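Chain by chain, the residues run as shown.
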Amino acid sequence: MSVLEETVRNLPKQPGVYQYFDDQGRLLYVGKAKNLSARVKSYWRFTPSFHPAPDLGARIARMLSEAESLEYLVVESEADALILENSLIKQLKPKYNILLRDDKTYPYLYLDEGEEFPRFELTRRVVQGKKIRYYGPFPTGARALFDALYFLFPLVQKKGCLRGKKACLFHQIGRCPAPCEGKISPQEYRLGVEAAKEAIHNLPLILQRLEERMQDLARRERFEEAAQVRDQMEAIRGLAIHSEIDLAREEDYDIFAILPGEERGVVVRLFLRQGRIASSSHSFFRHTHLYDPDEAYRQAILDFYGSEAPPTCSTLLLAYDLEGREDLERLLTARLGRRLRILHPKRGPKARLTALAETNAAELLRRQERNDRTPEKQIAELFALPEIPWRIEIFDNSHHMGEAPVGAMVVWNEREWQKDAYRRYRLESRDEYHQMEEMLQRRIKEFETHPPPDLWLLDGGETLRRLAEKLLSQAGVNLPVLAIAKEKLDAKAHRAKGSARDLLHGPMGELRLDPADPRLQWCQRLRDEAHRFAIAYHRRSKRRQDAQVALLEKKGIGPATVKKLLDYFGTFEAIENADHEAISSVAGKKIADKLVFGSFSKQNALN
């Protein structure tokens, strides 16, 4: 009896998460079960020999043909299994799971109606208060709508205004009713608040008034301000999908539709508030050849309704009859602290809403697939990658003869640089191999909170690429790694695009492309951005280190001793925090006296 068969035969009848691995120990699939024994055994037949069940889908059948071992985790409830499954899929990128990516937290408008003179505010999380009312979410245009409300309606413009005792400039230009001076009663102020609340669900009214404002500014030749209003209008127009569907009731729904395409799929979310579509959002996902609608809808819903999601609706409408809807309802109800229903309408206005979401999903896929010869796709074909790398993390390190070593990670995401995801690393290792190892290990530790991308690209050769593969394998993460090694001319890197004969290294081996090949040039572009970011950080670190060295030299500590201390302690901060005994053992009692009993300190060093 194989180890796999023995594990399957002896699974507990408890809720949990199961993981299939191949003969190299690489994670193939993560699944959840209310009853581990019943669920996993449904994949297999035990007579006349142990083999996969004949009625499985192509995806699961192929996965089981590669499976060599099974591990599982027992949890308290199916709700816990749902959460753990979702977390493991995002962290570990199993080969046969669908990989949805939507880590965004969308902004909401909220109003504390318990205040005497309430104001609208923006938030991305639950705000404490008994009479808080939320509007949204608004994936785009939230700030534009927020600013429009304060421009078009007589509201208290700033939080600090209510603490003052004298009317400010906003009152003089007619945009604040000055409750600070008692010029308006709470009851009269509420009329303006109610008008603003109504306008949130009547975007054409806001757009009409902004259009009038823009035309007035243009007539007075205040063109720069008119252009700002125009941009504000465009942002607000992008909030909603137009619909002729009339529910005839002021109801709130979140509507989800998911469609797989040839290479990518799309998740569309519509947000209906008071019977009108207030906003929408969408995100693309990979692994459409592995598409499983139950898994996809579960992940999309769990990702969107995190523990910090404000309570804006109580009913989800799905364009698919999700299996295990009741279990997901119970989990979300417990997580959000309010009853949440999940429905799959088959007819009537609600069904037309889910159909509208599906129509928009199909249109998004059609637009996306028009641009089919992107560099990402060409690289995927060139290296036979398992999926198109729409999100890529690129790594480089920088130092000067081992001094001030730093690392940098830049991110290419959906055809543009995602600069808010860039990372800098202060490193302690003195050689490039261990610097890269240190940096990649730190990035892997962040996978739980910042899931891995579709591809790693390293500035270096095959040795560093194999290092990255080893670290990922040890972490159980399926992630392809490429490396680009610079051509050397007279022992110096040759970076001229169009003439540099850089080498590409991938799982299939070394690849030499013509210097004019756009695929090579695209990889060079990614590498050079990481190099730029690393060099900029290294120069700042080097300047600071030089200042610290100069400070030590003023204390009579020579360069050789400084090097000895740095080689032992690693950083100036570590030297500063070392005790007298430790410094004495490295550089002698005299040096220890100067450092411990002198005036060398972190504050001085930074100055």
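Analysis parameters
- Residues numbered from 1 in each chain as written.
- Predicted model: local features only at pLDDT ≥ 70, side-chain atom pairs only at ≥ 80, totals over all residues.
- Heavy atoms only, no water.
- Helix = DSSP H or I, 4+ residues; strand = E, 2+ residues; numbered from the N terminus.
- Buried < 20%, exposed > 50% of the residue type's maximum accessible area, 1.4 Å probe, protein only.
- Contact = heavy atoms within 4.5 Å.
- Areas by Shrake-Rupley, 256 points an atom, 1.4 Å probe, with all protein chains shown as cover.
- Expected span 1.5 Å × (residues − 1).
- Arc of directions from axis to C-beta.
- Polar contact = N/O pair within 3.5 Å; in protein donor to acceptor, adjacent residues only side chain to side chain.
- Pairing = 2+ DSSP bridges.
- Axes fitted to C-alpha atoms, helices over the stretch in contact; angles between N-to-C directions.
- Phe/Tyr/Trp six-rings, centres within 6.5 Å; stacked < 30°, edge-to-face > 60°.
- Salt bridge = Lys/Arg side-chain N within 4 Å of Asp/Glu carboxyl O.
- Core = buried A, V, L, I, M, F, W, Y, C linked by side-chain atoms within 4.5 Å.
- Parallel < 35°, antiparallel > 145°, perpendicular 65-115°, else oblique.
- pLDDT = per-residue confidence, 0-100.

It is worth spelling out the overall build of the protein chain at this point. When helices and strands are tallied, the protein chain shows 21 helices and 23 strands. Here the protein chain holds 607 residues, and 51% of them are scored as buried. By sequence separation, contacts in the protein chain at least 24 residues apart represent 63% of the contacts at least 6 residues apart. With the model as given, the accessible surface of the protein chain reaches about 29600 Å², and the carbon-plus-sulfur share is 48%.

The next point concerns helix 9 (residues 223-237). Look at helix 9: 21 Å from first C-alpha to last across 15 residues, which is about the 21 Å you get at 1.5 Å a residue. Taken together, the buried positions of helix 9 are occupied by Ala226, Val229, Gln232, Met233 and Ile236. With its buried residues spanning 115 degrees around the axis, helix 9 presents them on a single face. What points out from helix 9, more than 90 degrees from its buried face, is the exposed set Phe223, Glu224 and Gln228.

All right, on to the environment of Arg269 then. Residue position: Arg269 is located in strand 10 (residues 265-273). In this structure Arg269 comes out as buried when scored by relative accessible area, which is 1%. For Arg269, the side chain forms a polar contact with the side chain of Ser281, separated by 2.7 Å.

Across the eleven residues of helix 5 (residues 142-152), eight count as buried, placing the element largely inside the fold. Of all the residues in helix 5, the buried ones are Ala142, Ala144, Leu145, Phe146, Ala148, Leu149, Tyr150 and Leu152. Next to the buried residues of helix 5 lie strand 6 (108-112), strand 7 (120-123), helix 7 (186-200), helix 8 (203-219) and helix 9.

This part is about the sheet that holds strand 13 (residues 341-343). Spatially, 11-10-9-12-13 is the arrangement adopted by the five strands of the open sheet, whose pairing is mixed. A strand with exactly one partner marks an edge of an open sheet, and here the two such strands are strand 11 (276-285) and strand 13. Each strand of the sheet is rotated relative to its neighbour by a mean of 20 degrees, with strand direction disregarded. Both strand 12 (residues 315-318) and strand 13 contribute to a ladder of three bridges, which runs parallel. In the strand pairing of strand 13, Leu316 is matched with Ile342. Seen against the sheet, helix 10 (residues 293-304) touches strand 9 (253-260), strand 10 and strand 12 and runs at an angle of roughly 140 degrees to strand 9.

The sheet built from three strands is open, its strands ordered 7-6-8 with antiparallel pairing. Across the chains shown, the open sheet's two edge strands, defined by having one partner strand only, are strand 7 and strand 8 (132-135). Going from strand to strand, the sheet's axes swing by 35 degrees on average, the running direction of each strand aside. Packed on one face of the sheet, helix 7 meets strand 6, strand 7 and strand 8 and runs near 45 degrees to strand 7.

Turning our attention to the packing of aromatic side chains. On inspection of all chains with the given rule, the structure shows 24 aromatic pairs. Ring geometry for Tyr20 versus Trp44: centroids 6.5 Å apart, planes at 45 degrees, classification tilted. On the criterion of sequence distance, the pair formed by Tyr20 in strand 1 (residues 16-21) and Trp44 in strand 3 (residues 44-45) is long-range, its members being 24 residues apart. Residue class for Tyr20 comes out buried when judged on its relative accessible area of 0%. Taking the centre distance of 6.0 Å and the plane angle of 80 degrees together, the rings of Phe256 and Phe304 count as edge-to-face.

Applying the stated criterion to the full structure yields 37 salt bridges. The residue Lys32 makes a salt bridge to Glu78 at a minimum N-O spacing of 2.6 Å. Placement of the pair is Lys32 in strand 2 (residues 27-33) and Glu78 in helix 4 (residues 78-92), with a sequence separation of 46 residues. Given a relative accessible area of 16%, Lys32 falls into the buried group.

Once that is clear, we can look at the nonpolar core. Judged by nonpolar contacts, the single largest core of 68 residues is most densely connected at Tyr18, Tyr20, Tyr29, Trp44, Phe256, Ile301 and Leu328. Excluding residues within four positions of it along the chain, Leu328 makes contact with Leu82, Ile301, Leu302, Leu322 and Ile342. Grouped together as the second largest cluster of nonpolar side chains are 33 residues, Tyr135, Ala144, Tyr189 and Ala226 included.

Let us now look at the packing of helix 4 against helix 10. Two measures define how a pair of helices packs: the angle their axes make with one another and the distance between the axes. Two elements in contact, helix 4 and helix 10, have axes whose closest approach is 10 Å; the angle formed by their N-to-C orientations is 95 degrees. As judged from the angle between their axes, helix 4 and helix 10 are roughly perpendicular. From helix 4, Leu82, Glu85, Asn86, Ile89 and Lys90 reach across to helix 10, where they touch Glu295, Arg298, Gln299, Leu302 and Asp303.

Right, let's talk about the confidence of the model for the protein chain for a bit. For the protein chain, per-residue confidence averages 82 on the pLDDT scale, and 85% of positions sit at 70 or higher. Looking across the protein chain, the model is least confident in helix 21 (residues 602-606), with a mean pLDDT of 39, and most confident in strand 18 (residues 455-459), with 96. Predicted confidence for residues 599-607 stays below pLDDT 50, and this span has 17 contacts to residues more than four positions away or in other chains.

We now examine the side chain of Asp327. By secondary structure assignment, the location of Asp327 is in helix 11 (residues 325-336). Judged by its relative accessible area of 14%, Asp327 is buried. A distance of 2.3 Å separates the side chain of Asp327 from the side chain of Arg330, its partner in a polar contact. If sequence neighbours within four positions are ignored, Asp327 has contacts with Lys34, Glu78 and Leu82.

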